[in-house]
Protein chains: 2
Amino acid sequence: MAWIELPIAPELGREFPGIVGPMTFRPETAAPLNELVNILLRGESTLSPGERELIATHVSWRNDCFFCQTIHGAVAAAQLNHDEELVQQAKRDWLHAEISPKLKALLNIAGKVQQGGKYVGEEDIAAARQLGATDREIHDTVLIAAVFCMCNRYVDGLGTWAPQDPDIYRARAAQIVEHGYSAVTETAAAQVVR
Amino acid sequence: MAWIELPIAPELGREFPGIVGPMTFRPETAAPLNELVNILLRGESTLSPGERELIATHVSWRNDCFFCQTIHGAVAAAQLNHDEELVQQAKRDWLHAEISPKLKALLNIAGKVQQGGKYVGEEDIAAARQLGATDREIHDTVLIAAVFCMCNRYVDGLGTWAPQDPDIYRARAAQIVEHGYSAVTETAAAQVVR
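As the structure is a prediction and not an experimental result, all values here were calculated from the model. (Residues numbered from 1 in each chain as written. Chains lettered and ligands numbered in written order. Predicted model: local features only at pLDDT ≥ 70, side-chain atom pairs only at ≥ 80, totals over all residues. Heavy atoms only, no water.)

A. How the structure looks around the overall build of chain A. Across its full length, chain A carries 10 helices and two strands. Reading the helices (α) and strands (β) of chain A from amino to carboxyl end gives β-β-α-α-α-α-α-α-α-α-α-α. Taken against the 2.2 N^0.38 rule, which gives 16 Å for 194 residues, the C-alpha radius of gyration of chain A at 16 Å falls within 12% of a compact globule. Overall, the C-alpha framework of chain A stretches about 55 × 35 × 30 Å when taken along its three principal axes. (Helix = DSSP H or I, 4+ residues; strand = E, 2+ residues; numbered from the N terminus. Rg over C-alpha atoms; globule rule 2.2 N^0.38 Å.)

As structure tokens, this is what we get:
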């Protein structure tokens with residue numbers, strides 16, 4: 001049970017998992033939250049959706065948010081040839097992961113943002129720029145990292161529950177890849193019996 | 001100069017201050033960000049706008065974000081009889097501030113969220129509930145705190161600048177109280193010479 005009384009998912013007989021719980025509780029704030037995440041992770045960008053999901057996953061892992069690191073890790077894997085090993089490595093051992101040097105420099109920036117905005121230094125930005133990162137990529141990396149510092153706190157600060165079965169996340173990830181973040185939450189909201 | 005090249009504000013001859021800089025750089029993400037903040041801080045609620053701005057100010061102070069704590073502090077004061085002393089006290093000495101016991105319990109929760117979602121404990125929620133906090137008030141407190149952990153990182157993670165003159169923040173706060181957050185950013189964006 002979360003810290004507050006959340007709507008019950010009919011097919012589960014209990015609260016919707018993770019962020020979907022508070023999002024069904026307060027659809028007014030869920031709408032702009034989902035729009036923001038859709039633009040950042042799925043909108044037009046020179047970073048692939050899989051790369052952006054790795055940034056989200058890395059930050060969520062740093063914040064020890066089980067739900068967010070697992071669902072975004074599953075979405076990342078779904079967009080990176082189902083390479084779940086790579087996703088795991090992008091969490092704790094990202095410096096040695098088979099990702100581009102530019103993405104490593106962006107993950108470094110994201111990790112600094114997770115600690116706090118002031119941890120990002122001129123040298124972090126210079127390193128990313130030297131590896132070809134553009135202003136827009138640096139901007140989006142900082143904002144994705146900041147957004148997940150929000151989402152992770154929203155999910156854990158309300159004491160929401162998270163399923164343990166990885167298959168649940170794989171199935172949900174496939175829906176997200178196909179329909180996006182807003183659609184999934186709207187589907188959940190439509191099931192709520194009020 | 002921020003870490004990335006931001007649009008120049010004609011009347012300043014330099015970048016727009018604080019979050020307005022990156023928001024004019026990327027209006028697509030600014031729109032849902034402003035909508036989210038408008039709903040949480042200015043929308044219908046049993047917490048007054050001034051109380052909600054105090055939560056935003058407290059979290060921004062804890063994150064040492066000068067721009068956010070100063071602008072939201074000014075917006076709070078504008079809605080709390082211009083009591084700037086109270087706003088200062090709600091940062092570091094909130095337990096002794098002249099605010100309701102319920103708001104103190106909510107500020108305690110917000111401070112835990114700032115540290116990380118898992119710092120919020122059953123006893124924090126129970127204390128707030130005992131002082132009359134509703135599920136919706138607890139939800140909104142957690143989400144406001146989480147949102148400002150995002151905004152603070154967005155502002156400082158991109159190395160934006162902040163004016164030092166308190167009068168600038170007082171004037172901007174009056175505009176925000178009258179027109180809201182989206183309107184202020186849209187006005188800035190309209191001034192950008194591209």
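After that view, the rundown keeps rolling.
B. Highlighting unusual backbone geometry. Residue and element names in this part refer to chain A. You will see that Asp64, though not glycine, has its phi angle at about 60°, which is positive. Summarising the element assignment, Asp64 is placed in the loop between helix H3 (49-62) and helix H4 (66-78). The exposure class of Asp64 is partly exposed, given its relative accessible area of 44%. (Buried < 20%, exposed > 50% of the residue type's maximum accessible area, 1.4 Å probe, protein only.)

C. Examining the nonpolar core more closely. Within the largest apolar cluster, 135 residues are counted, with the highest numbers of intra-cluster contacts made by Val147(A), Phe148(A), Met150(A), Val147(B), Phe148(B) and Met150(B). Excluding residues that lie within four positions of it along the chain, Met150(A) makes contacts with Leu33(A), Leu36(A), Leu36(B), Ala146(B), Val147(B) and Met150(B). (Core = buried A, V, L, I, M, F, W, Y, C linked by side-chain atoms within 4.5 Å. Contact = heavy atoms within 4.5 Å.)

D. The arrangement of the relation of the copies chain A and chain B in detail. Once turned by 180° and shifted 0.0 Å along the axis, chain A lies on chain B with an RMSD of 0.0 Å. This pairing of chains is accounted for by a two-fold axis. By C-alpha distance to the rotation axis, the residue of chain A lying nearest is Pro32(A), at 2.4 Å. Same-surface contact between copies: 100% of interface residues of chain A are shared with the interface of chain B. (Least-squares fit on C-alpha atoms with pLDDT ≥ 70 in both.)

E. View of the interface of chain A and chain B. Taken together, the contact between chain A and chain B spans 42 residues of the former and 42 residues of the latter. Looking at the side of chain A facing chain B, the largest losses of area belong to Trp3(A), His139(A) and Arg153(A), adding up to 20% of the total buried there. Summed over the shared surface of chain A and chain B, the result is four salt bridges. One salt bridge in this structure joins Asp64(B) and Lys118(A), with 3.2 Å as the shortest N-O distance. At the surface where chain A touches chain B, the tally comes to 14 residue pairs in polar contact (both at pLDDT 80 or more). (Buried area = accessible area lost by both parts, 1.4 Å probe. Salt bridge = Lys/Arg side-chain N within 4 Å of Asp/Glu carboxyl O. Polar contact = N/O pair within 3.5 Å; in protein donor to acceptor, adjacent residues only side chain to side chain.)

F. Inspection of helix H3 (residues 49-62) of chain B at higher detail. Residue and element names in this part refer to chain B. Taking 1.5 Å of rise per residue, 14 residues should cover 20 Å, and H3 covers 20 Å from first to last C-alpha, within 8% of that figure. With 11 of its 14 residues buried, H3 lies for the most part within the structure. Restricting attention to buried positions, one finds in H3 the residues Gly50, Glu51, Arg52, Glu53, Leu54, Ile55, Ala56, Thr57, His58, Val59 and Ser60. Packing partners of the buried residues in H3 comprise helix H2 (27-42), helix H4 (66-78), helix H5 (84-92), helix H6 (101-115), helix H8 (135-157) and helix H10 (181-191). Among the residues trailing H3, Asp64 stands out with phi positive, at a value near 60°. (Expected span 1.5 Å × (residues − 1).)

G. Spatial organisation of the layout of surface pockets. All names here are of chain A. For the largest pocket, the calculated volume is near 310 Å³. In this structure, the largest pocket is lined by 18 residues; those nearest its centre are Glu11, Pro17, Ile168, Arg172 and Gln175. Elements with a contribution of two residues or more to the lining of the largest pocket: H4, helix H9 (166-179) and helix H10 (181-191). For the lining of the largest pocket, the per-class residue count stands at 13 nonpolar, three polar and two charged. (1 Å grid on protein atoms, 1.4 Å probe; cavity = no way out; pocket = protein on both sides within 12 Å on 5 of 7 lines; lining within 4 Å. Points joined across faces, edges and corners; volume = space filled by probe spheres on them. Nonpolar A, V, L, I, M, F, W, Y, C, P; charged D, E, K, R; others polar.)

H. Spatial organisation of the packing of H3(B) against H8(B). Residues and elements named next belong to chain B. Across the interface, H3 lies against H8 with an axial gap of 9 Å and an inter-helix angle of 45°. Taken together, H3 and H8 sit at an angle that is classed as oblique. Pair H3 / H8 crosses with right-handed handedness. Along its contact with H3, which presents Arg52, Ile55, Ala56, Val59 and Ser60, the element H8 presents Thr141, Ile144, Ala145, Phe148, Cys149 and Asn152. (Axes fitted to C-alpha atoms, helices over the stretch in contact; angles between N-to-C directions. Parallel < 35°, antiparallel > 145°, perpendicular 65-115°, else oblique. Left-handed = near helix turned anticlockwise from the far one by under 90°.)

I. Region of interest: the pattern of salt bridges. Using the criterion set out here, one finds 20 salt bridges over all chains in the structure. Lys112(A) is paired through a salt bridge with Asp124(A); the nearest N and O atoms lie 2.9 Å apart. Linking Lys112(A) in helix H6 (residues 101-115) with Asp124(A) in helix H7 (residues 122-130), this pair joins segments that are 12 residues apart in sequence. By relative accessible area, Asp124(A) is classed as buried at 5%. One salt bridge in this structure joins Asp167(B) and Arg170(B), with 2.6 Å as the shortest N-O distance. Here Asp167(B) pairs with Arg170(B), and both are found in helix H9 (residues 166-179), just three residues apart, close to one helical turn. Owing to a relative accessible area of 46%, Asp167(B) belongs among the partly exposed residues under this scheme.

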